[in-house]
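Spelled out, the chains give:
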Amino acid sequence: MLVLGIESSCDETGIALFSDKVGLIDHKVNSQIDLFKEYGGVIPEIAARDHSNKIIKILNKVLKENDVTIDQIDLIAYTAGPGLIGSLMVGETVAKTISKVKNIEIIPIHHLEGHILAPGIENRSLKPPYLCLLVSGGHTQIIDCDDYGQYSILGETIDDACGEAFDKVGKLLNLEYPGGPKVAQLAKSGNSERFNFPRALTQKRNLDFSFSGLKTAVLYELENLNLTDYADVAASFQAAVIDVLVKKLSWALETKDYKKLICSGGVAANEMLRIKLDQLAKNTKVQVYYPSLELCTDNAAMIAYAGYIRKSKKLKKYDVEFSRPRWPLGELYA
Ligand code: KG4
Ligand code: ZN
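Predicted model, so just to flag it, every value in this text is computed and none were measured.

## Side note on the packing of aromatic side chains
In step 1: Per the stated rule, a full pass over the model turns up six aromatic pairs.
In step 2: Seen in terms of ring centroids, Phe209 and Phe211 are 5.9 Å apart; in terms of plane orientation they differ by 15°. Their pairing is stacked.
In step 3: Given the relative accessible area of 0%, Phe209 is considered buried.
In step 4: Arranged with centres 6.1 Å apart and planes meeting at 35°, the rings of Tyr305 and Tyr308 form a pair that is tilted. With a gap of three residues between them, Tyr305 and Tyr308 both fall in helix α11 (residues 301-312), about one helical turn apart. Comparing Tyr305 with Tyr308 shows no difference in burial state: the two are buried.
In step 5: A connected cluster of aromatic rings, assembled from ring pairs, spans Phe18, Tyr305 and Tyr308.
In step 6: A cation over an aromatic ring shows up here: Lys248 above the ring of Phe209, its NZ or CZ 6.0 Å from the ring centre.

Here is the structure:
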């Protein structure tokens, strides 16, 4: 089975080829980050236009470089949501057009299912059940993945997403968008114990997150500081975020006899988070898995892989003609 994956939910245009025999054949991502540096965030209209300018070129490049023709494709998997509506429509239009013209089966994929399954792309023996920490620019969730297609949210953010908090603090520290990787880099030379930033919702056993107060605490602290203090702020902020993520995960791990933990989404690229999760895994005797760095952030490989999984496991197909996917994931494919 040869699967074409298409991702265009936010500011990355992704195209991938996945086959059941060889696994991931190729994937390419065009990031729009450079377009949004001057704005400090994504502008939906610009994102959609850039997707429509680039998507066919990327598709042709992937096909050509891998000596594949459209007629060899057995299944098209595309991101149906959640995401920016204009951006999603570009990928969906390309997917549906190829499907109609070439009579190829098509499968809509929930973007977050892509992230949840991403660690399995390079590690095909990795299968649910597992606990998933999904940390991206738009989401922060602890998800119980009982089986393919069976996901329950145990906890999630009630305000900012974890990556969003990194990006907002990056802005406060005068770092370029997206702030996440830059804050992490700056934190390396800082003292993470200098500022005791708030660890919200950790007084009681609760698996939800709140990061907006943390961002405000950073804002107030900065009023009395100089540029030379910024590395300490970055390190202390990062430590507060990771402390909360690890604490909540340790509670979540106690709710069931988990053997595996996975962490995915853009923030899973964070080195310090990985170090702390490795420690947690060691202490709680679970195996921890991450996608490689390039598959942590948005890409079409995870969408193609999710399409392959849904098709091969004969999971119910969701018809997105009239409605958009929404949480919980169970409802999306019901
Ligand atoms: O999964 P993703 O590519 O897009 C969404 O679906 O949101 O995640 C992007 C997010 C951004 O907020 C970015 O700042 C954050 O992931 N990020 C990081 C790191 N690399 C990317 N945050 C912290 N540390 C990093 N190393
Ligand atoms: Zn994402």
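## A word on the site of ligand 1
In step 1: What surrounds ligand 1 is a group of 20 residues, the closest being Gly137, Asp167, Gly266, Asn270 and Asp298.
In step 2: Contact distances for ligand 1 include 3.2 Å between an oxygen atom and a backbone N or O atom of Gly138.
In step 3: One of the backbone N or O atoms of Gly163 is found 3.2 Å from an oxygen atom in ligand 1.
In step 4: The fraction of the free accessible surface of ligand 1 (560 Å²) that becomes covered by protein chains is 87%.
In step 5: Listing elements by their share of the shell around ligand 1, those giving two or more residues are α4 (111-117), α5 (162-172) and α6 (179-187).
In step 6: Among the residues forming the shell around ligand 1, the class breakdown is seven nonpolar, eleven polar and two charged.

## With respect to the sheet that holds strand β2 (residues 12-19)
In step 1: Sheet architecture is open: five strands sit in the order β3-β2-β1-β4-β5, paired in mixed fashion. The open sheet is flanked by β3 (23-31) and β5 (105-110), the only strands paired with a single partner. Strand-to-strand twist across the sheet, computed as the mean angle between neighbouring axes with direction ignored, equals 20°.
In step 2: The pairing of strand β1 (residues 2-7) with strand β4 (residues 75-81) spans four bridges and is parallel. Bridged to Ile6 within β4 is Tyr78.

## Concerning the coordination of the zinc ion (ligand 2)
In step 1: Bound to the zinc ion (ligand 2) are the protein donor atoms His111 (NE2), His115 (NE2) and Asp298 (OD), situated 2.0 to 2.1 Å from the metal.
In step 2: Angles of 93 to 143° at the metal separate the four donor atoms of the zinc ion (ligand 2), which places the site in the irregular class.
In step 3: In terms of primary sequence, the donors binding the zinc ion (ligand 2) are separated according to H-x3-H-x182-D. Here His111, found in helix α4, pairs with Asp298, found in the loop between α10 (293-296) and α11; they are 187 residues apart in sequence, far enough to count as distant.

## Re helix α2 (residues 44-65)
In step 1: With 22 residues, α2 should cover 32 Å at 1.5 Å per step; its first-to-last C-alpha distance of 30 Å lies within 8% of that length.
In step 2: Taken as a whole, α2 carries its principal kink of about 35° at Lys54.
In step 3: Among the residues of α2, Ala47, Ala48, Asp50, His51, Ile55, Ile58, Leu59, Val62 and Leu63 are the ones counted as buried.
In step 4: Its buried side turned inward, α2 meets β1, β2, β3, α1 (33-36) and α3 (85-102).
In step 5: Once α2 finishes, Asp67 follows within two positions and takes phi at roughly 55°, a positive value.

## Digging into empty space enclosed by the protein
In step 1: Counting across every chain of the model gives one cavity of 30 Å³ or more.
In step 2: Taken together, Pro198, Arg199, Ala200, Ser210, Phe211, Leu214 and Val244 make up the lining of the largest cavity.

## Some points on the packing of helix α7 (residues 212-222) against helix α8 (residues 230-253)
In step 1: Contact geometry for α7 and α8: axes closest at 11 Å, N-to-C directions at 160°. One element, α7, and the other, α8, form an angle in the roughly antiparallel class. Here the hand of the crossing between α7 and α8 comes out right-handed. Of the residues in α8, those in contact with Leu214, Val218 and Leu222 of α7 are Tyr230, Val233, Phe237, Ala240 and Val241.
In step 2: Residues belonging to the contact of α7 with α8 are distributed by class as follows: eight nonpolar, no polar and no charged.

## Here's the deal with the pairing of β1
In step 1: Judged by how many residues are buried, β1 sits mostly within the fold: six of six residues are covered.
In step 2: Side chains Leu2, Leu4 and Ile6 project from β1 onto one buried face, and the interleaved Val3, Gly5 and Glu7 project onto a second face that is buried too.
In step 3: Count of turn residues in the β1/β2 antiparallel hairpin: four residues.

## Description of the packing of α5 against α7
In step 1: Relative to each other, α5 and α7 sit at 10°, their axes nearing to 10 Å. Looking at the two axes, α5 sits roughly parallel to α7. When you trace α5 past α7, the crossing you get is right-handed. Within the contact between the two elements, α5 uses Lys168, Val169 and Leu172 and α7 uses Lys215, Val218, Leu219 and Leu222.

Conventions and cut-offs
Residues numbered from 1 in each chain as written. Chains lettered and ligands numbered in written order. Predicted model: local features only at pLDDT ≥ 70, side-chain atom pairs only at ≥ 80, totals over all residues. Heavy atoms only, no water. Phe/Tyr/Trp six-rings, centres within 6.5 Å; stacked < 30°, edge-to-face > 60°. Buried < 20%, exposed > 50% of the residue type's maximum accessible area, 1.4 Å probe, protein only. Helix = DSSP H or I, 4+ residues; strand = E, 2+ residues; numbered from the N terminus. Lys NZ or Arg CZ within 6 Å of the ring centre and 35° of its normal. Near = heavy atom within 4 Å. Polar contact = N/O pair within 3.5 Å; in protein donor to acceptor, adjacent residues only side chain to side chain. Areas by Shrake-Rupley, 256 points an atom, 1.4 Å probe, with all protein chains shown as cover. Nonpolar A, V, L, I, M, F, W, Y, C, P; charged D, E, K, R; others polar. Pairing = 2+ DSSP bridges. Axes fitted to C-alpha atoms, helices over the stretch in contact; angles between N-to-C directions. Donors = N, O, S within 2.8 Å, 3.2 Å for Na, K, Ca; no water. Tetrahedral: all angles 85-135°; square planar, octahedral: opposite > 155°, others 65-115°. Expected span 1.5 Å × (residues − 1). Bend = angle between axes of the 7 residues up to and from the residue. Contact = heavy atoms within 4.5 Å. 1 Å grid on protein atoms, 1.4 Å probe; cavity = no way out; pocket = protein on both sides within 12 Å on 5 of 7 lines; lining within 4 Å. Points joined across faces, edges and corners; volume = space filled by probe spheres on them. Parallel < 35°, antiparallel > 145°, perpendicular 65-115°, else oblique. Left-handed = near helix turned anticlockwise from the far one by under 90°.

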